[in-house]
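Each chain is listed here by its residues.
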Amino acid sequence: VGEATDQVRVTVKNAYVEGLRVTELMYDPIEGSEAEFIELKNIGPVTLDLTSVAFTEGIAYTFSSGTLAPGALVVVAKNRAVFVNTCGNGAWLAAGEYNPTSLASEGESITLVDPDGIVIVNFSYDDEWYPVTAGKGFSLTIVDPDMGDATDWSDKESWAPSSELGGSPGEDDSGQTSMTGDVKINEIMAHSDNELPDWIELRNEGATSVDIGGWYLSDKYGTENDLKRYQIAEGTVLAPGGYAVFYEDENFGFLSTDPGCLVPFALSENGETVYLSAAQNGELTGYPEQEDFGASEVGVSMGRYTKSTGSTNFVALSQPTPGQANAYPLVGPVVISEIMYNPVTADEDKEFVELHNITDQTVALYDSKLVPWKFTRGLGYTLPSSLTIPPKGFVVVVKNPAAFFAAYGEMPAGVRVVGPYTAALSNGGEKLELSKPGEVVDLVRQYIRVDRVTYDDANGWPTSADGEGDSLTRRVMENYGNDPANWKAAPPTPGR
């Protein structure tokens, strides 16, 4: 009997982990409202007893009773009376409320556990994902409740704003959200030369045509009207895999005669954000897409690149491709080639980051005015003035030169060792970004990213580099670097 009871508990426990999901968050309602809520869905095949299921991080709430059938939804509100007045009452509304706790308007981590305290889902959301969910009356809705890995709940692309103002508590909004969410800002040109215009390219990544007539493009967000700078012509339909390109001179810029150009704008070569907002009859319907991009060089476009993990980066591309499939990311001339972030002795003084010139030409790590390259993320280290890397050569940036040479010996001829840097690399993973100087804007130097690696000690990254003696080593120097598939763990070989 005891063994049978244990087996039932294991089965039920697995049913929670495999079947119960957070599917909607109204974390920052319209200002002055307390109509916050969290929606859960049972995506599994068996009915779940919700008694003692609890939110333990983000909000504090424990279900006192209730069951959730397969496919059914349940909503927990912060203030039940306000919620009923705003959104109505239904069998899907839980009896309790999570007052006085609240969902953080700036974003936070949410943890849901089963009756035995086993974590069902743990994820983080961010108010910077979609502006219309931050106090504008739209909720965050999961795009695909049935995606298998609950760790994806922390990814922006797993969520979209609700298709209706006020959200859709107690209703499955994922179908409409998924369809409009297939339209992406796919590529932009923000630093064209004087003879060519800037442009914005949209692409439908889904399997269903999407009518984007009446939608808006903008480079500014503050009020709702800020998002309405250029309105796409009615009747514009993107077929599956289809593209639409909008040009500064013809469509959204100061010289445009396009009737959809409501407030002319231009893209900044020093980086900004482009916004795409779904709309009907001139009113925003909740789906916005946005892409942040940094400073770029003349003639270099920025676009979406899908990594081996399925997630995307918006990166400099090897060539512009308006109206066509994006080219491969621009790689080099210098790449981050090796990272020792957690030496085996846990002695951070033995850390290093190796840079490699993948070209057949000497590369100067400074501009025409001798302003040096620097790490704009991670190390916070500026390279020495007048530093160069010979063809196919290396520069090793070290935390402590004496400790480095004691651990790894003398370097081959021509290899420069520079440092020290003061900020230790994170053993849990962080973003390393190498950049070169761009223009000075409002007395502030802008930097153009040359290479970046957001390494981790888990999630597909080799674990033996995390304190077991190995370093992270780039597999193929000419391949895109910010992807765990292009990295392996190996004994450290700085400068070689």
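Fair warning: this is a prediction, and the values are worked out from it, not measured in the lab. (Residues numbered from 1 in each chain as written. Predicted model: local features only at pLDDT ≥ 70, side-chain atom pairs only at ≥ 80, totals over all residues. Heavy atoms only, no water.)

A.B. asks: Help me out: how do you make sense of helix H5 (residues 401-408) in this one?
C.D. replies: Since the α-helix turns once every 3.6 residues, residues separated by three or four places project in the same direction. When we look at burial in H5, the residues that qualify are Ala403, Phe404 and Tyr408. Here the buried residues of H5 occupy an arc of 105 degrees about the axis, which is enough to place them on one side. Residues of H5 that are exposed and angled more than 90 degrees away from the buried face: Ala402 and Ala406. Buried residues in H5 make contact with strand E24 (334-340), strand E25 (352-357), strand E29 (394-398) and strand E30 (416-418). Measuring from the side-chain oxygen of the N-cap residue of H5 to the backbone nitrogen of Ala402 gives 3.1 Å; that N-cap residue is Asn400. Following H5 by one or two positions, Gly409 has its phi on the positive side, about 80 degrees. (Buried < 20%, exposed > 50% of the residue type's maximum accessible area, 1.4 Å probe, protein only. Helix = DSSP H or I, 4+ residues; strand = E, 2+ residues; numbered from the N terminus. Arc of directions from axis to C-beta. Contact = heavy atoms within 4.5 Å. Polar contact = N/O pair within 3.5 Å; in protein donor to acceptor, adjacent residues only side chain to side chain.)

A.B. asks: Would you mind showing me how to read the sheet that holds strand E34 (residues 487-490) here?
C.D. replies: In spatial order, the strands read E30-E29-E25-E24-E33-E34; together these 6 strands make up an open sheet with mixed pairing. Strands with a single pairing partner mark the edges of an open sheet, and in this sheet they are E30 and E34. When strand polarity is set aside, the average angle formed by the axes of neighbouring strands in this sheet is 25 degrees. Looking at chain direction, E24 and E25 are connected through 6 bridges and run antiparallel. Note on E25: the bridge partner recorded for Glu338 is Glu354. Those strands touched by H5 are E24, E25, E29 and E30, and its axis lies near 120 degrees from that of E29. (Pairing = 2+ DSSP bridges. Axes fitted to C-alpha atoms, helices over the stretch in contact; angles between N-to-C directions.)

A.B. asks: Would you explain helix H2 (residues 80-87) in this entry?
C.D. replies: Taking the backbone nitrogen of Ala81 as reference, a side-chain oxygen 3.2 Å away marks Asn79 as the first, capping residue of H2. Residue Gly88 follows H2 closely and has a positive phi angle near 95 degrees.

A.B. asks: What am I meant to see in unusual backbone geometry here?
C.D. replies: Where the residue is not glycine, phi is negative for most of them; where a peptide bond is considered, it is trans in most cases. In this structure, the amide linkage connecting Gly332 to the following residue, Pro333, adopts the cis form with an omega of 10 degrees. Tracing the chain through its elements places Pro333 in the loop between strand E23 (312-316) and E24. Gly419 connects to Pro420 through a cis peptide bond whose omega is 10 degrees. For Pro420, the location among the structural elements is in the loop between E30 and strand E31 (431-441). One non-glycine residue, Ser386, lies in the positive phi region at around 65 degrees. Within the secondary structure layout, Ser386 lies in the loop between strand E27 (374-377) and strand E28 (388-389).

A.B. asks: Explanation requested: the nonpolar core in the structure shown.
C.D. replies: Across soluble globular proteins, nonpolar side chains show a tendency to be buried alongside one another. Residues Val22 and Trp159 are the most contacted members of the largest nonpolar core, which totals 35 residues. The set of elements that each furnish at least two residues to this core consists of helix H1 (2-19), strand E1 (20-26), strand E2 (37-42), strand E7 (73-77), strand E9 (109-113), strand E10 (119-124) and strand E11 (140-142). The contacts of Trp159, once residues within four sequence positions are left out, are Val22, Thr23, Glu24, Leu25, Phe123, Trp129, Tyr130, Leu140, Thr141, Ile142, Val143 and Trp153. If you look at the next biggest cluster of nonpolar residues, it comprises 29 residues, including Leu355, Val395, Leu434 and Trp487. (Core = buried A, V, L, I, M, F, W, Y, C linked by side-chain atoms within 4.5 Å.)

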